[in-house]
Every structure is written in structure tokens, then in C-alpha cells.
Amino acid sequence: MSGFLTLGIVQTALELGLIYALVALSLFISFSILNICDLSTDGCYTLGCAVGAVVTIAGHPVLAIFAAMLAGVCSGFVTAILQTKFGVQSILAGIIVNTGLYTVNLAVMGFSSNLSIFGSATVFDLFKSLNSSKAWADWSPLVLLLIILCLVVLAIYWFLGTRLGLSIRATGDSPAMVRASSINPAFTTIVGLCVANSLTGLAGCLIGQYNGNSDINLGTGMVTVALASLIIGEMFFKNKGMLLRIIGVIIGSVLYRFVMSVALRLKIPTEAFKLVSALIVAIALTAPQIRKLVALHAQKRASMKMSLDEDADEEGEQ
């Protein structure tokens, strides 16, 4: 294992897995809780990275995090308004916003397809400066990301337990029931998508500061990555409590990154990574049905064997 996956590769997989977990948590709120297919994730992720990069270059790396989250809120708000006020289907609303965000992201980056942050202090640099030891310098990004994820998990768990959070959860289960309870499902949908997309913007800002640059094509395929992470987590913690389901999403994201690291070590071309992601999603989605089919086949074989044994016993008695 140590020869196949070095400590540096494992550390990088953990760090990227924690960042991508924020996008997976965004899909957890929109897809699993609200039952909405939000396809604006790719553009929102790039938007968070672009806004975060611009504010970081201006010398405010911490403020960049909140600016990116606010940008994500704006993206989620537009997507939600299209759905709730103008009756646009969720898939089409996401596609419309995602398409429009391409130009918005270019404008944020000064109509340049790439924006470098090298030379500007990031939150990772500020956190690393708290201690001068080499071990701290190597592991401080992972520690910072763990702290951020813990705060996000606690915030989501607390929020979904509030009256508004319970209303959002109920909206995903039955909008008619929510409406009958004198709660406006349009409002809960708007709030839910704003919260979800703020996490996507946060992830984009962190990946930009982590990599040291922002690219216009950074978010391409991000919804597939997040969906794969979400489904992997749901496989293990689907029928558990809310806190375990949230933690399961993070575990799924980390496991996904480990799979990608293994694929990289197996010298699979980077051009094929999207195919690997699609296969992971397909396997995760079909795994429950495959298990049912295997169990049904085993049950049929057992019944057939039992029937043959009974026939054999009857023939022996005769």
C-alpha cells in the first residue's frame, strides 16, 4: 500500500476530498433533501473560485470566503426564482443559470480564462504561519480543511433541526403538505437552494486558494463528481440519522478521491477520468438493484434445490 499510494498522495486525496465534500453537501441539500436536480453546480463552483480569487488578489483571503459564499447564494437565488416564481422546471432552470454563469465568471476574472493567485496570501498561508515547524507546514492545509468541514457539518445539522430547516425537509417530502400547513414552499425552496449553493461557492473559493489559480473550465463535470460522492455516502448511511447521513457524504467524497488517486497510479489517462466518474455513479446507482437481483437468484436456486430434494425423497420412499 505504501509503495502504491504514498503518504503525499493520500494527503492530497484527503484534502481534495474534503473540499469536494462541500459540493457534495450542496447536492445533499438540493437533491436529497429538497428533491431538486440543480444543474447550476458547475457554474456556481467556478463562480466561487473566480470571486474568491479576485478578492484574494485584492489582499483579503478571509473575506474572499464570505464573498464566494455570497456569490453562491446569488446563484442559488436566481435558480430558485426561475423555478418557484416563473414555473421553470428545475433541470431547465439549472441549465439556464449554468449557461449564463459562464459569461459572468469570465467577467469576474476580467474576461480572462485563467487568473493566477500566486504571490497573494491565502487562508492556507495564514493558517500555516501560526507555526514554523515543518510538520505543521505539511499538514496545516488538511487541519484547516477539517476544521472548516466540522463547522459546516455542525451548522448544517443545526440548521436542518430548526423550524425552517424542518420545513425545508418537509418541502422535499411533500410540498402539498407544507402548503396545507400554511408554509410557503416557494420560500423554503429559495432558502434551501441559497444555502446549498453557498457551500458550492465556498468549495470553489477553497480550491482556488488551494491550487493558486482560477480557471474558467474548473467546474466542468463537478456535478458528476458531487453526485458520485453523494451516492457513495448514501450507500452506507441512507437509512441512518441526519448527522450520520451528512458525515456519510463527506466519507463518500474522500472515498471518491481515493478511487481517482488509484486510477491515477494505474496510469489511466486523465482524459478518461470523466468516464471513471460516470462508471462510479452508475455502479453506485445500480448496486442496490444488483444486490436484489443476486438475492432473488440465490433464493430461486435455493427453492429449486429444495424442490428437487423433496422429489428425490418421494421417489426414494416409493
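What you are looking at is a predicted structure, and each value in this text was computed from that prediction instead of being measured.

What is the right way to read the overall build of the chain from this model?
Counting its secondary structure elements, the chain contains twelve helices and two strands. Taken over the C-alpha atoms alone, the chain extends approximately 95 × 60 × 35 Å along its principal axes. Going through the 318 residues of the chain one by one, you find that 47% of them count as buried. For the chain, the accessible area works out to roughly 16,200 Å², and carbon and sulfur atoms hold 67% of it. On the chain, the mean spot of the 18 positive side-chain charges and the mean spot of the 16 negative ones are 12 Å from each other.

How should I be thinking about the packing of helix H1 (residues 7–33) against helix H9 (residues 185–211) in this particular structure?
For any two helices packed against each other, the geometry comes down to the angle between their axes and how far apart the axes lie. Contact pair H1 / H9: the axes reach a minimum separation of 7 Å and the direction vectors enclose 165 degrees. Between H1 and H9, the angle falls in the class roughly antiparallel. Seen from above, H1 lies across H9 with left-handed handedness. Note on element contacts: H9 touches H1 through Gly192, Leu193, Val195, Ala196, Asn197, Leu199, Thr200, Leu202, Ala203, Leu206, Ile207 and Tyr210, opposite Thr12, Glu15, Leu16, Ile19, Leu22, Val23, Leu25, Ser26, Ile29 and Ser30. Along the lines of polarity and charge, the residues of the contact of H1 with H9 split into 15 nonpolar, six polar and one charged.

How should a nonpolar patch on the surface be read in this particular structure?
Together, Tyr157, Met235, Phe236, Leu243, Leu244, Ile247, Ile251 and Leu255 give the surface a local cluster of nonpolar side chains, amounting to about 670 Å² of exposed area. The leading source of residues in the nonpolar patch is helix H11 (residues 242–265), at five residues. Taking the relative accessible area as the measure of exposure, Met235 reaches 36% and is therefore partly exposed.

Would you mind showing me how to read the pattern of salt bridges here?
Tallied over the entire structure, the rule returns two salt bridges. With a closest N to O distance of 3.1 Å, Asp138 and Lys134 form a salt bridge. Remark: Lys134 and Asp138 occur in helix H6 (residues 134–161); sequence separation between them is four residues, near one turn of the helix. By relative accessible area, which is 35% here, Asp138 ends up partly exposed.

I tried to follow the packing of H1 against helix H10 (residues 222–237) on my own but got confused; where do I start?
Their axes nearest at 8 Å, the elements H1 and H10 cross at an angle of 75 degrees. Relative to H10, the element H1 lies roughly perpendicular. For the pair formed by H1 and H10, the contact residues are Tyr20, Val23, Ala24, Leu27, Phe28, Phe31 and Ser32 on the first element and Met222, Val223, Val225, Ala226, Leu227, Ser229, Leu230 and Glu234 on the second. Its residues assigned to classes, the contact of H1 with H10 shows twelve nonpolar, two polar and one charged.

Is there a simple way to think about the packing of aromatic side chains in this case?
Here the distance between the centres and the angle between the planes together describe a pair of aromatic rings. Applying the stated criterion to the full structure yields two aromatic pairs. Centroid distance Phe124 to Tyr210: 5.8 Å. Interplanar angle 75 degrees. Geometry classified as edge-to-face. With Phe124 in helix H5 (residues 123–128) and Tyr210 in helix H9, this residue pair connects regions lying 86 residues apart in the sequence. A relative accessible area of 8% means that Phe124 is categorised as buried. The partly exposed category is assigned to Tyr210, whose relative accessible area is 24%.

Rules used throughout
Residues numbered from 1 in each chain as written. Predicted model: local features only at pLDDT ≥ 70, side-chain atom pairs only at ≥ 80, totals over all residues. Heavy atoms only, no water. Helix = DSSP H or I, 4+ residues; strand = E, 2+ residues; numbered from the N terminus. Buried < 20%, exposed > 50% of the residue type's maximum accessible area, 1.4 Å probe, protein only. Areas by Shrake-Rupley, 256 points an atom, 1.4 Å probe, with all protein chains shown as cover. Lys, Arg positive; Asp, Glu negative; His and termini not counted. Charge placed at Lys NZ, Arg CZ, Asp CG, Glu CD. Axes fitted to C-alpha atoms, helices over the stretch in contact; angles between N-to-C directions. Parallel < 35°, antiparallel > 145°, perpendicular 65-115°, else oblique. Left-handed = near helix turned anticlockwise from the far one by under 90°. Contact = heavy atoms within 4.5 Å. Nonpolar A, V, L, I, M, F, W, Y, C, P; charged D, E, K, R; others polar. Patch = residues over 30% accessible without salt bridge, like charges linked within 9 Å, V, L, I, M, F, W, Y side chains within 5 Å. Salt bridge = Lys/Arg side-chain N within 4 Å of Asp/Glu carboxyl O. Phe/Tyr/Trp six-rings, centres within 6.5 Å; stacked < 30°, edge-to-face > 60°.

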